[in-house]
Amino acid sequence: MASINGILNTARTGLIAQQRAIDVTAVNIANANTDGYTRQRVSFQTGASVYSSGITFGTGVQINRNVERVYDEFLDARITAARADAGYWDSQLETLKKTEMIFGETTGYGLNSAMTDFWNAWQELSNNPSGYVERAMLLGESQRLAETFNNLSSGLKQIQKDSDTNIVHTVADINAITAEIADLNEKIVGIEVSGQSANTFRDQRDRRLQELSGLIGISSFEAANGSITVSLPNGGYSLVEGFNSWALQTERNPTTEYHDVQWVSRNGTATTVTDLISNGQLKGWIDARDTTIQGYADDLDAMAVAIRDAVNNRHRTGTDLDSGSGNVFFSGTDASTLAVAIDDVRKIAAAGPGEAVPGGSQNAINIANLQNARLSIGTNTVTANDFYNALVNRVANDVLGAENSRSYQSGIALQLSSYREEISGVSMDDEMIDLVQFQNAYNASAKMVTVVDEMLQTLINMV
Amino acid sequence: MRVTTKMMADTIKAHLARQNANILKSEIQLATTKKINKLSDDPKGITQLLGYRTALSTLGQYQQNITNAKSRVEYTSTTLEQIASLVNDAKNIASRGTPDEYAIMADQVVDIRDQLMDLVNSQYSGSYLFSGNKTDTPAFGPVAANGDYPYQGDAASYQVMVGSGSKVSIIADGDEIFRDVDTPIDPDDPNDPGTTIFQMLDDLEEALRAGDEAAIRETLEGIGTIEKQTRLASARLSVSYSRLDDTQARWKTFSNVIEEMRADVEDADLAQTALELQLQQNNYNILLQVAANVIPPSLVDFLR
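The present account deals with the structure reproduced in this document.

## Describing the interface of chain A and chain B
No. 1: Counting from both sides, the interface comprises 58 residues of chain A and, opposite them, 47 residues of chain B.
No. 2: When the two sides are added together, the surface that chain A and chain B hide from each other amounts to roughly 4400 Å², 53% of it contributed by carbon and sulfur.
No. 3: By the criterion of area lost to chain B, the three top residues of chain A are Thr106(A), Asn127(A) and Glu422(A), representing 15% of everything that side buries.
No. 4: Between the two partners, chain A and chain B, sit three salt bridges.
No. 5: Of the charged contacts in the structure, one is a salt bridge between Lys6(B) and Glu421(A), with a shortest N-O distance of 3.9 Å.
No. 6: On inspection of chain A and its partner chain B, the count reaches 25 residue pairs in polar contact (both at pLDDT 80 or more).
No. 7: Of all the secondary-structure elements, those providing two or more residues to the side of chain A that touches chain B are helix H2 (73-103), helix H3 (111-127), helix H7 (362-368), helix H8 (384-424) and helix H9 (428-462) of chain A.
No. 8: By residue number, the principal contributor to the side of chain A that touches chain B is H8(A), which donates 16 residues.
No. 9: Taken together, the residues of the side of chain A that touches chain B break down into 20 nonpolar, 26 polar and twelve charged.

See below:
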């Protein structure tokens, strides 16, 4: 029956619904610049009709208890994956940029010039084999060469240590996030089981998941109850399952002196998963530490050893100023320990085998000629210069490659977040139009109440 | 397509950042006047650059070796010329003297011998010129019991590294120049080393003092040989000198070419970079203008 009170009630539902809609609009506007915010929308529904005396009467409007998040699940999955790539290149680029700096070749004071000056000093000695100045200069240049090797090597080692420290910190961050995701799982399931919407918690969890993906390569899926399961793509080690999270830990490896990443099971057994990490910043640090920088360091070591052996072999055949045969010139086992083994300038063997001193210069010339000799360095047979230039070229290309990958990834990230904004972002114009619409509807509903009031007055006055 | 204000803001921010990075790069290039300021600026270029730098430095060293050797050769040449002229004087004395001048001439011969000894044992930057590799020992020692002046150096020559694996030898064997192997001290000794110029002069002095004209004539041939050997050594030096000179000229040309290539790879074209910077700044300004126009208005501004 369409009583006057029925109309009043219909107007009331309108007032409540529009007010709720304005409330949601207000939340949207307030979060217009919140990262990862998903705009919300109330959905209106016609109130159940009442059938009375052969006539159908409406009972106003209802709003869904579940406020809808305007959201594309697949797009978010792509953003999560892109974050992992971006994270990987972030940490690669950071380490490579440091590496690029320590080589210092652009200023002309790197290993390249130290080597050239070293060979030139031998030539200079051949010009005046008995000269004290030439001998002292040669020793100085040799020390500079050894120190340049030492510095480069310790610089690379320092970058590896920095990466190692970053690995430890990243693992701590990962643990904090997985614990938070497990916590959010619990909240979301708790709220949604009662049919309410846990939009804020879902937004938070999506953001945490993306952050996590930036740190470590993960695979994840959402269960029917709304909780999300996160695991390492390789080996299937779980990080979050239901309301539980598993922590990763770092353990110092006594042989490499760097940290291994371990996964700890419920009963406390630790499994090393360093090589199973597939992407994200953590993988970037691990690759930089164990592959990229280690590769440069190995090359440098091979080069230092090759120069040491080549110079030593020739130096031993020579004759020093006291007519003794030449001693070991360079000592040390790799780039970090290379040192000049001679401290007395008279012990430099400038004269060739059987040549008279102090005028003999054949050995100095022989050693100077090593500059263009093909040495066996690692698995290659190349001149020391060519080998080093190739190394520098590799570093430069690696940095450039990482830079390109990084900017490609940030391009993709921008594109994806643009797509996301297109769907889930808050458009001020949209919200204002909604606001005008809801406000007008609210005003109209209020007008309805006034009209019903007037109708009642009229009725009362009739009596 | 739905476009939100955040999208516009993000896009403009990203482009501003990119444009700023470009401007920074140009500024660094202008400040350092170098195109390559980090390895990754030009991986191929940095490799070429290192090659050029090594080549320039090594070629510089070769040229320095050569300059050093040339001054040694010049010094040696001058010394040999003086020696040749003194030997020539001695020859003239032996061939033209008259008996009444013999006593004075004998004194002159002694002077010549002493001067020759000084010249032959002369040093260049602390090293004896004609002692082979035994550069710390005078070439010829004082007279021995058999009248010989013993050679104290060795047969080595002075080596100059003028290129990779390429050397120029400069004569430094005094024995080869100042001893005549065909004039034996003792004709019966098969291992006789021959006579040095100093012993010849001693013989000449003795013959002059004795007035023995035949003996005087006898010394002529040996002295003549020494003069010839000295002139020959001079000639060999000038051959060495021109080889050094040619090599140096070649390295100089080569250095210039490489220097040009280095500059091509490393040095920034300032005019072009400045122009690029101007363009980038213009783009930046345009972008700012766009940002100012696009960002603020929304429906909010039009609702009253």
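## Regarding the pairing of strand S9 (residues 238-241) of chain A
All names here are of chain A.
No. 1: Pairing analysis gives two bridges linking strand S8 (residues 228-231) to S9, with the strands arranged antiparallel. Looking across to S9, one finds that Val230 is bridged to Val240.
No. 2: Hairpin connection from S8 to S9: six residues lie between these consecutive antiparallel strands, with Gly235 at a positive phi of about 85 degrees.

## Some words on the sheet that holds strand S13 (residues 270-272) of chain A
All names here are of chain A.
No. 1: Ordered in space as S11-S12-S13, the three strands form an open sheet in which the pairing is antiparallel. Of all strands in the sheet, those with a lone pairing partner are strand S11 (248-252) and S13, marking the two edges. Geometrically, the sheet is characterised by an average inter-axis angle of 40 degrees between neighbouring strands, direction not taken into account.
No. 2: As paired strands, strand S12 (residues 259-264) and S13 are joined by three bridges and run antiparallel to one another. Bridging across to S13, Gln262 finds its partner in Thr272.
No. 3: Those strands touched by helix H4 (residues 132-192) are S11 and S12, and its axis lies near 155 degrees from that of S11.

## Observations regarding a nonpolar patch on the surface
No. 1: Together, Tyr132(A), Val133(A) and Met137(A) make up an exposed nonpolar region whose accessible area comes to about 340 Å².
No. 2: Position of Val133(A) among the secondary structure elements: in helix H4.

The rules we used
Residues numbered from 1 in each chain as written. Chains lettered and ligands numbered in written order. Predicted model: local features only at pLDDT ≥ 70, side-chain atom pairs only at ≥ 80, totals over all residues. Heavy atoms only, no water. Contact = heavy atoms within 4.5 Å. Buried area = accessible area lost by both parts, 1.4 Å probe. Salt bridge = Lys/Arg side-chain N within 4 Å of Asp/Glu carboxyl O. Polar contact = N/O pair within 3.5 Å; in protein donor to acceptor, adjacent residues only side chain to side chain. Helix = DSSP H or I, 4+ residues; strand = E, 2+ residues; numbered from the N terminus. Nonpolar A, V, L, I, M, F, W, Y, C, P; charged D, E, K, R; others polar. Pairing = 2+ DSSP bridges. Axes fitted to C-alpha atoms, helices over the stretch in contact; angles between N-to-C directions. Patch = residues over 30% accessible without salt bridge, like charges linked within 9 Å, V, L, I, M, F, W, Y side chains within 5 Å. Areas by Shrake-Rupley, 256 points an atom, 1.4 Å probe, with all protein chains shown as cover.

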